[in-house]
Amino acid sequence: MSRIAYFGPQGTFTEQAARSLAGDEELFPVETISAALTSVRKGEADAACVPVENSVEGPVTATLDGLAEEAPLVAVAEALLPVHFTVLAREDVETVRTVASHPHALAQVRLWLERNLPEARPVVASSTAAAAVAVQRGEYDAAVTAPVAVEHYPLRVLATGVADVPDARTRFLLLRPPGRLPEPTGADRTSIVAAAANRTGALAELLSELATRGINLTRLDARPIKGNFGMYRFFIDFEGHVAEPRIGGALAALRRRCNNVRFLGSHPRADGVAATIEPGAANDDFVNADAWVDAVRKGELA
Ligand SMILES: O=C(O)C(=O)C[C@]1(C(=O)O)C=C[C@@H](O)C=C1
């Protein structure tokens, strides 16, 4: 049976995302994002489920860095979860003095903590569920967790539905080694990571390859190339599927221009939003234009 490694332990948001993406695969938790990616690279898992971006706190850098380095992995599916938290504490705690969670979770409840647990010092844990485990062990007084965590960690519920920003969401990826790609649906997302050359206008040139083909970006993040101070790689997500001529053409152009470009997948969007098509930038426009050039080359048209 195939297996999906997810960023755990049990009771994380990532587990919920993995359950929503899994078919009959067996799920197993690992302690870190990097361990989830490694288990696929080593063949211990067929796929990994990890968070990639949050609407309040931005990119999950461990995922981005882990995808840019070592053996390639590609995203074949994504999940988008609404994020509101439950705050759990040990029964014996009267005043909460320490509250643990994943850094992305703490960032999403900063105001709530200041107002409701003013004496609590925030402490970073490897995940929301790891924070609940630490509270059970007596290391901290309270944890900011996913709502499902209470089913795994019987702690006292101090608050539910906690979120500084209503409608916060996190997007998760299901990653596999390169192989067959999901079919295009018309509402797809393609992801790449590219290192632009270190010269004036290099990033603008790279982005213009997408803009001139009418390709709408959905995310752009820069991450340092470790060991090269001042050098960055760019993670770019955009609408469309590599099977489409305009997307294929853009990737070929980026391959020509960039020091380094890695394909990170084309898969259906979880929100089902169809790609924006600018006038003259539909797939048929590209196919017809190529057919015209072919005919011109053969002397059949002018
Ligand atoms: O710790 C978890 O429960 C996770 O799944 C990680 C994570 C994240 O990395 O953003 C997922 C969703 C929430 O935004 C908080 C934490």
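Computed from a prediction, not measured in an experiment: that's the story for all the values here. (Residues numbered from 1 in each chain as written. Predicted model: local features only at pLDDT ≥ 70, side-chain atom pairs only at ≥ 80, totals over all residues. Heavy atoms only, no water.)

J.: Give a detailed account of the site of the ligand, specifying residues and quantitative values.
T.: Every one of the 14 residues lining the ligand counts as a neighbour, but Phe13, Thr14, Gln108, Thr128 and Thr170 are closest to it. At a separation of 3.0 Å, an oxygen atom of the ligand approaches a polar backbone atom of phenylalanine 13. Glutamine 108 is positioned with one of its side-chain polar atoms (N or O) 2.9 Å from an oxygen atom of the ligand. In isolation the ligand exposes 360 Å². Once the protein is present, 100% of that is buried. If you map the ligand onto the pockets, it falls in the largest cavity. Only helix H1 (13–21), strand S3 (47–54) and helix H4 (103–108) provide two or more residues apiece to the shell around the ligand. Classifying every residue of the shell around the ligand gives 5 nonpolar, 9 polar and no charged. Split by domain, the shell around the ligand shows at least three residues from each of two domains, domain 1 (1–82 + 169–180) and domain 2 (85–162). (Near = heavy atom within 4 Å. Polar contact = N/O pair within 3.5 Å; in protein donor to acceptor, adjacent residues only side chain to side chain. Areas by Shrake-Rupley, 256 points an atom, 1.4 Å probe, with all protein chains shown as cover. 1 Å grid on protein atoms, 1.4 Å probe; cavity = no way out; pocket = protein on both sides within 12 Å on 5 of 7 lines; lining within 4 Å. Sits in = over half its atoms within 2 Å of the grid points. Helix = DSSP H or I, 4+ residues; strand = E, 2+ residues; numbered from the N terminus. Nonpolar A, V, L, I, M, F, W, Y, C, P; charged D, E, K, R; others polar. Domains from an automatic or database assignment.)

J.: Give a description of the domain arrangement of the protein that names residues and reports values.
T.: Much of the literature gives interface size as the accessible area that the parts lose upon coming together. By the assigned domains, the protein splits into domain 1 (1–82 + 169–180), domain 2 (85–162) and domain 3 (184–285). Distance between the C-alpha centres of domain 1 and domain 3: 21 Å. The interface is formed by 22 residues belonging to domain 1 together with 19 residues belonging to domain 3. The three residues of domain 1 that bury the most area against domain 3 are Leu64, Asp65 and Glu78, which together make up 30% of that side's buried surface. Along the contact surface separating domain 1 from domain 3 lie 5 salt bridges. For aspartate 65, the salt bridge is made with lysine 226, and the minimal N-O distance between the two is 2.9 Å. Broken down by secondary-structure element, the contributors of at least two residues to the side of domain 1 that touches domain 3 are S3, helix H3 (61–68), strand S5 (74–82) and strand S11 (169–176). Examining the composition of the side of domain 1 that touches domain 3, we find that 7 residues originate from one element, S5, more than from any other. A breakdown of the residues in the side of domain 1 that touches domain 3 according to their chemical character gives 15 nonpolar, 1 polar and 6 charged. (Contact = heavy atoms within 4.5 Å. Buried area = accessible area lost by both parts, 1.4 Å probe. Salt bridge = Lys/Arg side-chain N within 4 Å of Asp/Glu carboxyl O.)

J.: Break down the packing of helix H2 (residues 33–41) against H3 for me, with residues and values.
T.: Interaxial distance between H2 and H3 falls to 9 Å at its minimum, and their mutual angle equals 30 degrees. As judged from the angle between their axes, H2 and H3 are roughly parallel. The way H2 lies across H3 gives a crossing that is right-handed. For the pair formed by H2 and H3, the contact residues are Ile33, Leu37 and Arg41 on the first element and Ala62, Thr63, Gly66 and Leu67 on the second. Of the residues assigned to the contact of H2 with H3, the class counts are 4 nonpolar, 2 polar and 1 charged. (Axes fitted to C-alpha atoms, helices over the stretch in contact; angles between N-to-C directions. Parallel < 35°, antiparallel > 145°, perpendicular 65-115°, else oblique. Left-handed = near helix turned anticlockwise from the far one by under 90°.)

J.: Describe H2, listing the residues and the values that go with them.
T.: Of the residues making up H2, those classed as buried are Ile33, Ala36, Leu37, Ser39 and Val40. An end-on view of H2 places all buried positions within 160 degrees of arc, on one side of the element. Check the buried side of H2 and you find it contacts strand S1 (3–7), strand S2 (26–30), S3, H3 and S11. Downstream of H2 by one or two residues, glycine 43 has phi in the positive range, about 80 degrees. (Buried < 20%, exposed > 50% of the residue type's maximum accessible area, 1.4 Å probe, protein only. Arc of directions from axis to C-beta.)

J.: Tell me what's going on with the layout of surface pockets, and back it up with residues and numbers.
T.: The method is simple in principle: a probe with the dimensions of a water molecule rolls over the atoms, and the space it marks as empty is what remains. Of the pockets and cavities examined, the largest pocket occupies roughly 180 Å³. Lining the largest pocket, in full, are Glu53, Asn54, Ser55, Leu80, Arg169, Thr170, Arg171, Arg189, Thr218, Arg269 and Asp271. Elements supplying a minimum of two residues to the lining of the largest pocket: S3 and S11. Looking at which element gives the most residues to the lining of the largest pocket, the answer is S11, with 3 residues. Residue contributions to the lining of the largest pocket reach at least three from each of two domains, namely domain 1 (1–82 + 169–180) and domain 3 (184–285). (Points joined across faces, edges and corners; volume = space filled by probe spheres on them.)

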